[in-house]
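# Geometric and topological summary
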Amino acid sequence: MSTATEPATSTVEYVEVTTPRVHNLHHVEVFTPKPEESLDFFTRVLGLHETHREGQSVYLRACGEWGRYSTVLTEAAQPGLGHMAWQVAEPDQVEGWARRLKDAGVEHKLEAGGSSAFAQGDTLSFTGPFGHRTELFYDFERYEPADPSKLLSQPIKFPMPGIGARRLDHLNITARNVDEARDWYSDVLGFKLREAARTPEGDLGVWMSVSSQVHDLAIMRDGMGERGRLHHIAYCLDTPETLLRAADMFVEEGTPIDAGPGKHGLTQAFFIYVFEPGGNRVELFAGGYPIHGPDWKPVIWDGANIEKAVVWYGGQLPDTFFNVAT
Ligand SMILES: [Fe+2]
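About the cut-offs
- In every chain, residue numbers begin from 1 and rise along the written sequence.
- It should be noted that, the model being predicted, local features are given only for residues of pLDDT at least 70 and side-chain atom pairs only at 80 or more, the latter also being counted only at that level, while totals for whole chains, interfaces and linings use all residues.
- To obtain the side-chain values, all non-hydrogen atoms of the structure were used and water was disregarded.
- UniProt positions are given in the numbering used here, feature names are shortened, and annotations may be inferred rather than shown by experiment.
- Think of it this way: any DSSP run of H or I at least four residues long counts as a helix, any run of E at least two long counts as a strand, and we number them from the N terminus.
- Atoms considered for the radius of gyration are the C-alpha atoms alone. The globule rule reads 2.2 Å times the number of residues to the power 0.38.
- For every residue, the accessible area obtained with a 1.4 Å probe (protein chains only) is divided by the maximum for its type, and the residue is called buried under 20%, exposed over 50%, and partly exposed between those limits.
- It only takes one pair of heavy atoms within 4.5 Å for two residues to be counted as in contact.
- Here the Shrake-Rupley method, with its probe set to 1.4 Å, supplies the accessible areas, and only the displayed protein chains count as covering residues.
- His is not counted here, nor are the chain ends, while Lys and Arg score as positive and Asp and Glu score as negative.
- We put the charge of a Lys on NZ, of an Arg on CZ, of an Asp on CG and of a Glu on CD.
- Any two strands are treated as partners once DSSP identifies two or more bridges connecting them.
- Helix axes use the C-alpha atoms of the stretch in contact, all axes being lines fitted to C-alpha atoms, and the angles between their N-to-C directions lie in the range 0 to 180 degrees.
- Because water is not among the atoms used, a metal site may look incomplete, as its donors are only the N, O and S atoms within 2.8 Å, or 3.2 Å for Na, K and Ca.
- Among the buried residues, those of types Ala, Val, Leu, Ile, Met, Phe, Trp, Tyr and Cys that are joined through side-chain atoms within 4.5 Å form a nonpolar core.
- Domains are outlined according to an automatic or database domain assignment.
- Two aromatic rings, drawn from Phe, Tyr or Trp (for Trp, its six-membered ring), form a pair once their centres lie within 6.5 Å of each other, and the interplanar angle then sorts them: stacked below 30 degrees, edge-to-face above 60, tilted otherwise.
- Note on geometry: a ring has a charge over it if NZ (lysine) or CZ (arginine) is within 6 Å of the ring centre and within 35 degrees of the ring normal.
- Cysteine sulfurs are considered disulfide-paired once they come within 2.5 Å of each other.

You'll find the protein entered in an unreviewed UniProt entry as Metapyrocatechase, with Pseudonocardia parietis given as the organism. Turning to the protein, the UniProt record has this under Sequence similarities (unreviewed entry): "Belongs to the extradiol ring-cleavage dioxygenase family." Under the UniProt heading Cofactor (unreviewed entry), the note attached to the protein is "Fe(2+)".

## Description of the overall build of the protein
Of the regular secondary structure elements, the protein holds six helices and 17 strands. A compact globule built from 326 residues should have a C-alpha radius of gyration of about 20 Å, and the protein, at 20 Å, falls within 12% of that. Viewed in the frame of its principal axes, the protein has a C-alpha envelope of about 70 × 50 × 40 Å. For the protein, buried positions account for 52% of its 326 residues. Nonlocal contacts in the protein, meaning residues at least 24 apart in sequence, comprise 65% of its contacts between residues at least 6 apart. On the protein, roughly 15,800 Å² of surface is accessible, and the fraction owed to carbon and sulfur atoms is 51%. Computed over 29 positive and 46 negative side-chain charges, the separation of the two mean positions in the protein equals 1 Å.

## Here's the deal with the sheet that holds strand β9 (residues 167-175)
Taken in spatial order, the nine strands make up an open sheet running β14-β15-β16-β13-β9-β12-β11-β10-β17, and their pairing is mixed. At either end of the open sheet lies a strand with only one pairing partner, and these are β14 (257-263) and β17 (299-302). Looking at each pair of strands side by side, their axes are set apart by 20° on average, direction ignored. Lying over the sheet, helix α3 (residues 178-187) contacts β9, β10 (192-199), β11 (202-209) and β12 (217-221), oriented at roughly 25° with respect to β11. Packing against the sheet, helix α4 (residues 240-253) makes contact with β14, β15 (269-275) and β16 (281-287), and its axis sits at approximately 20° to β15.

## Digging into the coordination of the iron ion
The coordination sphere of the iron ion contains the protein donors H170 (NE2), H232 (NE2) and E283 (OE), at a distance range of 2.0 to 2.2 Å. Each donor residue of the iron ion belongs to the same chain, with the gaps between them written as H-x61-H-x50-E. Of the two residues, H170 is situated in strand β9 and E283 in strand β16; the sequence distance between them amounts to 113 residues. With respect to class, H170 is no different from E283; both count as buried.

## Describing unusual backbone geometry
For residues that are not glycine, phi is negative in most cases, and the peptide bond is trans in most cases. For the bond from G260 to P261, the omega torsion is 5°, close enough to zero to count as cis. Positioned with a positive phi, T267 is a non-glycine residue whose angle comes to about 65°. Summarising the element assignment, T267 is placed in the loop between β14 and β15. A positive phi is found at Q268, a non-glycine position, where the angle reads about 55°. With respect to the helices and strands, the residue Q268 is situated in the loop between β14 and β15.

## Section: the nonpolar core
It is characteristic of soluble globular proteins that their nonpolar side chains tend to be buried jointly. Counting residues in each nonpolar core, the largest one holds 61 residues, and the members touching the most others are F42, L46, L171, Y185, Y235, F250 and L284. A domain-level breakdown of this core finds at least three residues from each of domain 1 (22-137) and domain 2 (169-323). The contacts of L171, once residues within four sequence positions are left out, are L25, V28, L81, M84, D216, L217, A218, L230, H232 and I233. Grouped together as the second largest cluster of nonpolar side chains are 13 residues, A197, W207, F271 and V311 included.

## Focus on the packing of aromatic side chains
For the structure shown, the criterion picks out 19 aromatic pairs. Plain terms: the ring middles of F41 and F250 are 6.2 Å apart, the flat faces sit at 20° to each other, and that makes the pair stacked. You can see F41 sitting in helix α1 (residues 35-45) and its partner F250 sitting in helix α4, a full 209 residues away along the chain. No difference in accessibility class separates F41 from F250, as the two residues are buried. An aromatic cluster is present here, built from W86, F126, F130, W184, Y185 and F191 joined pairwise through their rings. One cation-aromatic arrangement involves R61 over Y143; the distance from NZ or CZ to the ring centre is 3.9 Å.

## A short note on the state of the cysteines
One pass over the full model with this rule turns up zero disulfides. Free cysteine: C63, not disulfide-bonded; nearest cysteine sulfur from C236 at 9.9 Å.

## What about the UniProt feature "domain: VOC" (unreviewed entry) in the protein?
The feature "domain: VOC" (unreviewed entry), as given by UniProt, occupies residues 24-139 and 167-287 in the numbering adopted here. Counting secondary structure, residues 24-139 comes out at 19% helix and 41% strand; the distance between its end C-alpha atoms is 13 Å.

Next up, the structure:
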């Protein structure tokens, strides 16, 4: 720290800072064995809308999103995660990440000069050590609404059909060994640990982010001991009140509710979890809290605190919550 009596330094050595940075979760591809029923759920009930169709995939965006899509529904024999796609902070960082993955011994493919994926630029793709297909990219086509909102900071006019999910919020995946997954996502991809449920035998779950959200990615211990599964994808709602309205709609629709509505101590999330017709768990999420400083001290829930971490209020979570993933 300089003091008033010291002169301003004239011997600054300028160094290049080019550390690649993952910026935000951008989109998720979900496999479904019931494509028509899943599409009906994601559009009519959740309120996403279709922007593109190609092969076995339908591309959807939520009302608050500026990209051409955030959700891809792809027909497949089994439900699960097709891939998760993260936007990097600068265009040249796509190649920067290729170097980092090479150094980390992770097999990867770089599609420079544009990606074969719809609306997406240069892309680095790889399967992480815990079995999840992942893409990193920077360029993505912006959604240009035919009838834009007069409120210039939002892409389209309200109301949206159904629940009107605002935007893709986060992703929750499973791993056999959460400690190893936490360290890999931290050391290799630069995710920051925000909260954890910790036992002497290791972490049960970790909540990590690359943005100022309390979590962009959660990793939970897989109760079935399998590797690389999807626990849920989550969409953000504006307020807990809209989440209660969503609960009414799920009951009206006969959508199976796995858990909630309730509140986790972890991440301060108001939640409701349902199963979409293809079998994947979907969360509607409100609340959370922002993290602004670079010096966040991870919140560790352990011992008797774990119970409150899992359920702050709203009833116990069912066994399915800990055992069913896709
Ligand atoms: Fe979640």
